[in-house]
Amino acid sequence: MIKPLFNNVVLKKQKEQNETSSGIILSQKPKDEAYAVVVAVGDGVSVDGKTTVIPVKVNDKVLYKKYSGTEIKQEGEDYIILSCEEILAIVE
Amino acid sequence: MIKPLFNNVVLKKQKEQNETSSGIILSQKPKDEAYAVVVAVGDGVSVDGKTTVIPVKVNDKVLYKKYSGTEIKQEGEDYIILSCEEILAIVE
Amino acid sequence: MIKPLFNNVVLKKQKEQNETSSGIILSQKPKDEAYAVVVAVGDGVSVDGKTTVIPVKVNDKVLYKKYSGTEIKQEGEDYIILSCEEILAIVE
Amino acid sequence: MIKPLFNNVVLKKQKEQNETSSGIILSQKPKDEAYAVVVAVGDGVSVDGKTTVIPVKVNDKVLYKKYSGTEIKQEGEDYIILSCEEILAIVE
Amino acid sequence: MIKPLFNNVVLKKQKEQNETSSGIILSQKPKDEAYAVVVAVGDGVSVDGKTTVIPVKVNDKVLYKKYSGTEIKQEGEDYIILSCEEILAIVE
Amino acid sequence: MIKPLFNNVVLKKQKEQNETSSGIILSQKPKDEAYAVVVAVGDGVSVDGKTTVIPVKVNDKVLYKKYSGTEIKQEGEDYIILSCEEILAIVE
Amino acid sequence: MIKPLFNNVVLKKQKEQNETSSGIILSQKPKDEAYAVVVAVGDGVSVDGKTTVIPVKVNDKVLYKKYSGTEIKQEGEDYIILSCEEILAIVE
């Protein structure tokens, strides 16, 4: 199990999926964004006793800036660890 | 449906539209700006319990800095997700 | 009508005008500045409940850093949208 | 013994280990992350009397951004000294 | 008349003058500084109700970082508008 | 005698020493760190009446980021002046 | 007379002097530092009513980062104006 630190979030990449449940077709060119599902969320960053709230939760479908974050592999699945600031939107 | 995070705003791009309802003709060269309509607005960024106010609302016609933001496609329409700071003005 | 956001200001460019009412001749080489009239002013940026004051008002003649801002066209006139920080001086 | 300063953490690199106890197989290409064990933790950075909490402890297995930090060698083992901000996640 | 904004200051450049009233000979190679007289001073920048004090006044002879600021011309004289931070010293 | 300012620390470089008293062998490739002894410590930087504490003292053996700081020579010995932030760890 | 502004300090460069009164021989390769004497000190920068203290005084012998600051010439002597942050140490 992967427990992200700070504002980091773990995303599970979708394989070649170009259409979401709500019918969003992700643009092909330029493909600046990617589509994934949140599988783990950090505890935020605490500054002066205040903790930043991370606005995504496990199972949210999200769009994130492609090429951001760090890739890891677990049992054949691709995961991305990135800062929540690099998540653009929740897709519902 | 796309729910932008933080200060992000979702804009619907206008297809080859060069004139606004109020007769603004967008410059062709250099084309540094683009014309779009706001379709979704984030909740702002909360710092020390204060939340930045995003000064645009759904259906506002806006000028934004071209080449900023991230493009996505939904049912054949082009959308842009960008930070509200990259919106220059509301066109009325 | 164009309503600038944040610290942005809309300027109306002067066509080939090289002399101001007070006899200022703008330098030709290097032409690092440009001469314009303020036509719209944003509401400033609000930080911690304090709003930055924008020190120009509509009809002020100003010098601004050339190549800054974004050009738009309205009914044949050239306008610039830029941050008020890029305005150098008021010419009276 | 190595006592890291500020937010620095000392990690002991794993030799050619590609699988963790929980079955995580680290991606081979691109290998942007590395796997290590925390062996020493700094005292954090004190700002205005508040000290940043370092969210890892000795013996935590962690993923960190590869190419970050500084390598040292102790009795044949490889160690990395890096800022805790460069640690992405704890692997359990 | 030119009224500088924020921390900007208007300087009147001296023509080919290489010696000041107090006998300072400005270095020729590398000529990283320039010599001028203050002709107008901005109102400073107000942050949280506090205004930065601009430490030069009209008629001060100053050394400033060459290549900084923006040149304008008025009745054949060369002027520079620059931030007071780019003024290095007052020459008395 | 050299009295460092602000957060600067003066280190005395060890000549070709690759093993510390506690048996640490410094890595040869890539040699991103260097080994030295603290000989002088600045008074820290005072911000708003608070002074940053410099976490090393004279005679501490330290690892610092190679290529950081400025080299000086005193009676044939090499010294480095660098900011304490560039010191990675104390070696005991 | 040259009166430096803000945190600036005026240094008088020593001509080809490679040894200080206390026997410091400045390294020749790489020569990243230079040796000079303080001849004038600015009033510091005032932030929120607090003024940064400049930790050097007239006649201090100092080491500063070479290539920093701006050179001027007065009656055949070379002077440097630089920010006190670029002074590394006082040599006694």
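Residues numbered from 1 in each chain as written. Chains lettered and ligands numbered in written order. Predicted model: local features only at pLDDT ≥ 70, side-chain atom pairs only at ≥ 80, totals over all residues. Heavy atoms only, no water.

A. Region of interest: the overall build of chain A. Per the secondary structure count, chain A includes zero helices and nine strands. Listed N to C, the secondary structure of chain A is β-β-β-β-β-β-β-β-β in terms of helices and strands. Residue burial in chain A is summarised as follows: out of 92 residues, 47% are buried. Sequence separation of 24 or more characterises 65% of the internal contacts of chain A that already satisfy a separation of 6 or more. Accessible surface, chain A: about 4400 Å² in total, of which carbon and sulfur atoms supply 51%. (Helix = DSSP H or I, 4+ residues; strand = E, 2+ residues; numbered from the N terminus. Buried < 20%, exposed > 50% of the residue type's maximum accessible area, 1.4 Å probe, protein only. Contact = heavy atoms within 4.5 Å. Areas by Shrake-Rupley, 256 points an atom, 1.4 Å probe, with all protein chains shown as cover.)

B. Region of the structure containing the environment of B:Cys84. Mapped onto the fold, B:Cys84 is located in the loop between strand 8 (77-83) and strand 9 (87-91). You can call B:Cys84 buried: its relative accessible area is 2%. Taking the C-alpha atoms as reference, B:Cys84 lies 6.7 Å from B:Ile54; in sequence the two are 30 residues apart. Residue contacts for B:Cys84: discarding those within four places in its chain leaves B:Asn7, B:Val9, B:Ile54, B:Pro55 and C:Phe6.

C. Region of the structure containing unusual backbone geometry. In this structure, D:Asn59 is a non-glycine residue whose phi angle is positive, near 85 degrees. Counting through the fold element by element, D:Asn59 comes out in the loop between strand 5 (50-51) and strand 6 (61-65). Phi at G:Phe6 takes a positive value of approximately 50 degrees, unusual for a residue other than glycine. Note on placement: G:Phe6 falls in the loop between strand 1 (2-4) and strand 2 (8-13).

D. Structural detail: the side chain of F:Asp60. Residue and element names in this part refer to chain F. Summarising the element assignment, Asp 60 is placed in the loop between strand 5 (50-51) and strand 6 (61-65). Classification of Asp 60 by relative accessible area gives buried; the value is 9%. Of note is the side chain of Asp 60, whose polar atom sits 2.7 Å from the backbone nitrogen of Lys 57. Among residues more than four places away in sequence, those in contact with Asp 60 are Ala 36, Val 37, Val 38 and Ile 90. (Polar contact = N/O pair within 3.5 Å; in protein donor to acceptor, adjacent residues only side chain to side chain.)

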